[in-house]
Amino acid sequence: MFYVENYAEIEDVVARDMSGNYAIDKVAAGFMAQVEDEVSQELMELLRWQLLGFCKEMQREMAEDLLFFALGHVVTTTGCPSADYVLDCCYTMIAVEHGIKREQQEEDDEY
């Protein structure tokens, strides 16, 4: 389901699977192989799928950024909104699996 379905009355959803038309770059795959040691197999599969559709240079950057986060919980951005949105979602999934929930401050609860 797409988020837009929660907010807009849409006419139809045309679902296509184009994932077979894309592959993960070899260098990016090397970074992802290192990420594999840090996350579950289920999460690893989800993370790999997130790279599909990006050019090889961006895949390499994103895979390296995912590795840095998986190893040391360091957030890196690219300056490209689409890639940064995907990275943010990936960082969140890794953080949840690693159990590094942020302590909520009282100010956060007020909003």
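Relevant structure appears above.
One numbering rule holds for all chains: residues counted from 1, following each sequence as written. The predicted nature of this model means local features are confined to residues of pLDDT at least 70 and side-chain atom pairs, given and counted, to a pLDDT of 80 or more, with totals for whole chains, interfaces and linings taken over all residues. In computing side-chain values, all of the structure's heavy atoms are included and hydrogens and water are not.

J.: Could you clarify how one ought to interpret helix H5 (residues 81–98) in this entry?
T.: Two residues of an α-helix separated by three or four positions point the same way, owing to the 3.6 residues in each turn. Each helix is a run of H or I in the DSSP string that is no shorter than four residues. Each strand is a run of E no shorter than two, and both are numbered from the N terminus. One less than the number of residues in a helix, times 1.5 Å, gives the span that helix is expected to have. Under the 1.5 Å per step criterion, the end-to-end length of H5 is 25 Å for 18 residues, consistent within 8% with the ideal 26 Å. Taken residue by residue, H5 has Ala-83, Asp-84, Val-86, Leu-87, Cys-90, Tyr-91, Ile-94 and Ala-95 as its buried positions. Residues of H5 that are buried make contact with helix H3 (41–51) and helix H4 (56–72). Just past H5, the residue Gly-99 takes up positive phi, approximately 70°. In this scheme, a residue with accessible area under 20% of its type's maximum is buried, one over 50% is exposed, and one in between is partly exposed, where area comes from a 1.4 Å probe on protein chains only. Here, residues are in contact when the closest pair of their heavy atoms is within 4.5 Å.

J.: Please explain the side chain of Gln-59 as it appears in this structure.
T.: Looking at where Gln-59 falls in the secondary structure, it is placed in helix H4. Not counting chain neighbours up to four residues away, the residues in contact with Gln-59 comprise Ala-23, Ile-24, Asp-25, Ala-28, Leu-51, Leu-52, Gly-53 and Phe-54.

J.: Where do I start with the packing of H4 against H5 in this structure?
T.: What describes two packed helices is the angle between their axes and the distance between those same axes. Helix axes use the C-alpha atoms of the stretch in contact, all axes being lines fitted to C-alpha atoms, and the angles between their N-to-C directions lie in the range 0 to 180 degrees. It is the contact of H4 with H5, at a shortest axis distance of 10 Å, that shows an interaxial angle of 25°. If you check the angle between H4 and H5, you find them roughly parallel. In the crossing of H4 with H5, the sense of the turn from one axis to the other is right-handed. Across from Met-58, Met-62, Asp-65, Leu-66, Phe-69 and Ala-70 in H4, the residues of H5 making contact are Ala-83, Val-86, Leu-87, Cys-90, Tyr-91, Ile-94, Ala-95 and His-98. The nonpolar class holds Ala, Val, Leu, Ile, Met, Phe, Trp, Tyr, Cys and Pro. Asp, Glu, Lys and Arg form the charged class, and all remaining residues, Gly among them, are polar. Its residues placed into classes, the contact of H4 with H5 shows 12 nonpolar, one polar and one charged. Comment on the angle field: the value is read as roughly parallel under 35 degrees, roughly antiparallel over 145, roughly perpendicular from 65 to 115, and oblique elsewhere. By convention the crossing between two helices is left-handed if the near helix lies anticlockwise of the far one by an angle smaller than a right angle, and right-handed if it lies clockwise.

J.: For this particular structure, what's the right way to read unusual backbone geometry?
T.: Both trends apply: most residues other than glycine have a negative phi, and most peptide bonds are in trans. Positive phi, normally seen in glycine, also occurs at His-73, with a value near 60°. Within the secondary structure, His-73 sits in the loop between H4 and H5. Relative accessible area serves as the criterion here: at 34%, His-73 is assigned to the partly exposed category.

J.: Before we go on, may I ask you to explain the environment of Leu-52 in this structure?
T.: Tracing the backbone through its elements, the reader meets Leu-52 in the loop between H3 and H4. Separated by 43 residues in sequence, Leu-52 and Glu-9 place their C-alpha atoms 29 Å apart. Beyond its immediate stretch of four places on either side in the chain, Leu-52 contacts Ser-19, Tyr-22, Ala-23, Ile-24 and Gln-59.

J.: Just to check I follow, could you spell out the nonpolar core for this structure?
T.: Across soluble globular proteins, nonpolar side chains show a tendency to be buried alongside one another. Among the nonpolar cores identified, the biggest contains 22 residues, and Met-32, Val-35, Val-39, Leu-47, Met-62, Leu-66 and Ile-94 are the most heavily contacted of them. When residues of this core are traced back to their parent elements, those giving at least two are helix H2 (26–35), H3, H4 and H5. Ignoring any residue separated from it by four or fewer positions in sequence, one finds Met-32 in contact with Met-44, Leu-47, Arg-48, Leu-51, Ala-63 and Leu-66. In this text, buried Ala, Val, Leu, Ile, Met, Phe, Trp, Tyr and Cys residues form a nonpolar core when linked through side-chain atoms within 4.5 Å.

J.: I'm lost on the pattern of salt bridges in this one. Help?
T.: Pairs can form between side chains of opposite charge once their charged atoms are near each other. We count a salt bridge whenever a side-chain nitrogen from Lys or Arg sits within 4 Å of a carboxyl oxygen from Asp or Glu. Counted under the stated rule, the structure contains two salt bridges. For the salt bridge of Arg-60 with Asp-25, the shortest nitrogen-to-oxygen distance reads 2.7 Å. Pair noted here: Arg-60 is in helix H4 and Asp-25 is in the loop between helix H1 (4–7) and H2, with a separation of 35 residues, a long-range link. Judged by relative accessible area, which is 29%, Arg-60 ranks as partly exposed. Classification of Asp-25 as buried rests on a relative accessible area of 14%. Here Glu-36 and Arg-48 are joined by a salt bridge, their closest N and O atoms 3.2 Å apart. Placement of Glu-36 in the loop between H2 and H3 and of Arg-48 in helix H3 is noted, with a sequence separation of 12 residues between them.

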